[in-house]
Amino acid sequence: MLFLSFKQLFSKKKQTFLILFGISLGTMLFITISGIQLGLREYITKSLLNNTAHILISGRENTIERDQVYNWFFPHKNIAWITSPFGKRRESKLENYAGWAERLSSDPEVYDFSPRLSIQTIIRKGEITLSIALTGTLANRQVRVTSIEEYMSSGKFISLMSGGNKIVLGRKAAEDLGVRVGQYIDVLNSNGEIIPFKITGLVSFGDDRMDGAIAFAHLADVQKLNHTPGRVSQIAVALFDLDSAERVAKQWSLFSKDKVEDWKSANPMFMEMIKMQDIVRYFITFSILVVAAFGVYNVLSIMINQKRKEIAILRSIGYAPNRILELIMYQGLFLGGSGGTLGLFLGFIICRLVGSINLGFEIGGSNHLLVSYDPTIYMIAFGSAMFASIIASFLPAISASKMTPIDIIRGS
Amino acid sequence: MIIGEKIVKEFGNPPQRILHDIDLEIKDGEFVSISGRSGSGKSTLLYIISTLDYASSGTVKIDGRDMNKMSVEEIHCFRNENIGFIFQFHYLLPELTSLENILLPPRNIGLMDEYKKRAYELLDILNISHIAEKLPGEISGGEQQRVAIARALIMDPKYIFADEPTGNLDSSNGNTVMNILKETNQQKGTTIALVTHDPGFAAMASREIFLVDGRVSDTYN
């Protein structure tokens, strides 16, 4: 039956190729759109994770609650405040870092974790001062938890590993101060003490506002600067599986007072954008495939009408209805399969072309658009092309197999 | 052996009776012609005794098997191996060459290669060897009909049913076709049922059945 199917398809080359083209266009579009969207998403996700990590554990905010104050100082009394109690009891910090460290090192889902202490400080070079967020980390862990090393524009992040008042500055901040790697800057703590730090590297995330207001140093150096030895404000956790973050975070938050936040809930806007993108992407693909499916349906229906006599003679020769069904289905499958395959190649080529366009500005460490070549994109694209053509050829195939030879012969 | 008992065929609504209680017996090796005026029901009868159509009532038994009780698959299988059809129109598949058209029946059961030699023999016998690789659109009407006959003969069927096989041909081509049928009947012992309105061709059969208004009659009128 394959032989006959192909003979019939190739006797109508123009129609066949038009439909092939339609299907491959749908497949190609899906691959291109998905490649660009997912590529961009990977890039955004990566830069988001640099700030937040897969899961971020931080201290709960300790605001003063009125009820607590009543109960503590004035139990069972009616009090009217002139100025009601308000504010924070203390800086937010992790209650039990050692406990977390122990738990995280033994959790099989955790790839690594990095404790952090972030403080606001002022850095100074000569006359110029700059307010920045200084994050103290353990460099060897930080580079495992985030991909910060890739964003270093000079020097190495791992140089912070040994401590001893070294600092990695945001590139814009360094520019604003007019300093280079190897020079010293003054860091002021909240008590007004001035401690010199040596610049060992510059980091650039591609966002000037961020690059102008961040700096990294060794955790112990920051703790000393802040006069809070042993304090950790956050733990950044990297998991083996990025997508399990939500579930794991929920689990952990059950047995701790601390705030456990996965990267998805920390970035609700981003997740909404992803959802919207997915809807648009699937909607476009769906519409194109519907059009392609109608094409397949049309071609096969017309063909069956033109071939009524041939179908009748095949039946009278002894080709059973199922064989006629095969005859039409093979043609649909061929259209879907080869159109899909062609679309895969075209999509791949276009992705490569798009990826090679020089944008003229830097994005994610290069000046090219990031395009995803995730195999699942290609599988979904091919799968839906096949699915659309199977559905579209099934109806004509059924109607062809239901034709009885005698009606056709008598009719002619 | 084909035995038809009380074959009735009705069409339309309200039902109009085309065939009235026809009893008919065709023995193995017979060459039977069914003739009558147009509208006499001769083609309808042929299609009923050849498994292509069903009787409204009555039974058709071929080789002792009741056609009404066979499954669709069984009927197609039976047709494939035992029955050859020749129609007024050649019904060749336009995308296939003459040879490929002739080999359609064995292709259905995966025996194409085994029958290739036989196909060339038939082409030779029918004097159309030169058009083996040509498409139906490239050959003449007489040649087309001979290719269709070769397709009907390829499986060496026990039965051949021919519905006006000469209807679209000039007299010389018509004679050729009739002679082929007659030779097949004599040499291979193939049972042949032929529908024609041409009295001359009908007379070439070993037995003539006349149909008048859906009933078997003694004479043409």
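K.L.:
What am I meant to see in the overall build of chain A here?
P.N.:
Scanning chain A from terminus to terminus reveals 15 helices and 14 strands. Burial analysis of chain A (412 residues in total) assigns 37% to the buried set. A separation threshold of at least 6 residues defines the contact pool for chain A, and within that pool the share at least 24 residues apart is 79%.

K.L.:
It is not clear to me how the overall build of chain B should be interpreted in this structure. Could you clarify?
P.N.:
A count of helical and extended segments in chain B gives eight helices and ten strands. Expressed as a percentage of the 221 residues in chain B, the buried residues total 48%. Considering only contacts in chain B between residues 6 or more positions apart, those separated by 24 or more positions represent 70%.

K.L.:
Is there a simple way to think about the packing of helix α13 (residues 321-356) of chain A against helix α14 (residues 375-402) of chain A in this case?
P.N.:
The packing of two helices is summarised by the inter-axis angle and the distance between the axes. All names here are of chain A. Look at α13 against α14: their axes get within 8 Å of each other, and the N-to-C directions meet at 155°. In terms of orientation, α13 lies roughly antiparallel with respect to α14. Between α13 and α14 the crossing geometry is right-handed. For the contact of α13 with α14, a count of residues per class yields 21 nonpolar, twelve polar and no charged.

K.L.:
Before we go on, may I ask you to explain the interface of chain B and chain A in this structure?
P.N.:
Reports of interface size often rely on the accessible area that becomes lost once the parts have come together. In this assembly, 19 residues from chain B lie in contact with 17 residues from chain A. Those elements that provide at least two residues to the side of chain B that touches chain A are α2 (72-82) and α4 (104-108) of chain B. Examining the composition of the side of chain B that touches chain A, we find that six residues originate from one element, α2 of chain B, more than from any other. For the side of chain B that touches chain A, the per-class residue count stands at twelve nonpolar, three polar and four charged.

K.L.:
Got a minute to help me understand the sheet that holds strand β4 (residues 57-62) of chain B in this structure?
P.N.:
Through backbone hydrogen bonds, the strands of a sheet pair up, either in parallel or in antiparallel fashion. Residue and element names in this part refer to chain B. Strand order in this open sheet of four strands is β2-β1-β4-β5, and the pairing throughout is antiparallel. Edge strands, defined here as strands with exactly one partner in the open sheet, are β2 (16-26) and β5 (65-66). Judged from the seven bridges that link them, strand β1 (residues 2-11) and β2 form a sheet pairing that is antiparallel. When the sheet's bridge partners are listed, Gly4 is paired in β2 with Leu24.

K.L.:
In this structure, what is going on with the nonpolar core? I would like to understand it.
P.N.:
Burial of nonpolar side chains together is a common tendency in soluble globular proteins. Ranked by size, the top nonpolar core spans 111 residues in total, and within it Val296 and Ile328 of chain A together with Ile34, Ile154 and Ala193 of chain B carry the most contacts. Counting residues per element, this core draws most heavily on helix α11 (residues 268-306) of chain A, which supplies ten residues. Leu134, Ala174, Ile199 and Leu239 of chain A belong to the second largest nonpolar core, which has 48 residues in total.

K.L.:
When you look at unusual backbone geometry in this model, what are you seeing that I'm missing?
P.N.:
For residues other than glycine, phi is negative in most cases, and the peptide bonds are mostly trans. Each neighbour pair has its own omega, and for Asn13 of chain B with Pro14 of chain B the value is 0°, a cis peptide bond. In this fold, Pro14 of chain B is placed in the loop between β1 and β2. For Asn165 of chain A, which is not glycine, the phi dihedral falls at a positive 55°. Checked against the element boundaries, Asn165 of chain A lands in the loop between β6 (152-155) and β7 (166-170).

K.L.:
For this particular structure, what's the right way to read the packing of α11 of chain A against α13 of chain A?
P.N.:
Residue and element names in this part refer to chain A. The geometry of α11 relative to α13 is characterised by a closest axis approach of 11 Å and an angle of 150° between their N-to-C directions. The angle between α11 and α13 places the two elements in the roughly antiparallel class. Note that α11 runs across α13; the crossing there is right-handed. Taken together, the residues of α13 that come into contact with α11 (itself represented by Val296, Leu300 and Ile304) are Ile328, Gln331, Gly332 and Leu335. For the contact of α11 with α13, the residue count by class is five nonpolar, two polar and no charged.

K.L.:
Any chance you could explain the confidence of the model for chain A here in plain terms?
P.N.:
Taken as a whole, chain A shows an average pLDDT of 85; of its residues, 96% reach a score of 70 or greater. Mean pLDDT across the secondary structure elements of chain A bottoms out at strand β13 (residues 358-363) of chain A, with 69, and peaks at strand β10 (residues 214-218) of chain A, with 93.

K.L.:
Explanation requested: the sheet that holds strand β3 (residues 31-35) of chain B in the structure shown.
P.N.:
Residues and elements named next belong to chain B. Spatially, β6-β7-β8-β3-β9-β10 is the arrangement adopted by the six strands of the open sheet, whose pairing is mixed. Of all the strands in the sheet, just β6 (83-86) and β10 (215-217) have a single pairing partner and so form its edges. Here the average twist between neighbouring strands, direction ignored, is 20°. The strands touched by helix α7 (residues 171-188) are β3, β7 (159-163) and β8 (191-196); relative to β8, the strand with the most contacts, the crossing angle is about 155°.

K.L.:
Mind showing me how you'd approach the environment of Asp198 of chain B here?
P.N.:
Within the secondary structure layout, Asp198 of chain B lies in the loop between β8 and α8 (199-203). Separated by 34 residues in the primary sequence, Asp198 of chain B and Glu164 of chain B place their C-alpha atoms 8.8 Å from one another.

Thresholds, definitions, all that
- Numbers given for residues are sequential positions, taken from 1 along each chain in its written order.
- Lettering for chains starts from A, numbering for ligands starts from 1, and both go in the order in which the items are written.
- Where local features are concerned, this predicted model is filtered to residues with pLDDT of at least 70; where side-chain atom pairs are given and counted, the filter is 80 or more; whole-chain, interface and lining totals use all residues.
- Working definition: helices are DSSP H or I runs of at least four residues, strands are E runs of at least two. Numbering for both runs from the N terminus.
- Exposed residues have 12 or fewer other C-beta atoms within 10 Å of their own C-beta, buried residues have 20 or more, and residues in between are partly exposed; the C-beta atoms are placed from the backbone.
- We call two residues in contact if the C-beta atoms placed from their backbones are at most 7 Å apart.
- Comment: axis = line fitted to C-alpha atoms, over the contacting stretch for helices; angle = value between 0 and 180 degrees taken between N-to-C directions.
- Any angle from 65 to 115 degrees is called roughly perpendicular, while one under 35 is roughly parallel, one over 145 is roughly antiparallel, and all others are oblique.
- Crossings are classed by handedness, with left-handed meaning an anticlockwise turn of the near helix from the far one by less than a right angle and right-handed meaning a clockwise turn.
- Asp, Glu, Lys and Arg are counted as charged, while Ala, Val, Leu, Ile, Met, Phe, Trp, Tyr, Cys and Pro are counted as nonpolar; the rest, among them Gly, fall into the polar class.
- Pairing between two strands is assigned when DSSP locates at least 2 bridges connecting them.
- Buried Ala, Val, Leu, Ile, Met, Phe, Trp, Tyr and Cys residues form a nonpolar core when they are connected through C-beta atoms within 7 Å.
- Summary of the metric used: pLDDT quantifies the predictor's per-residue confidence within the range 0 to 100.

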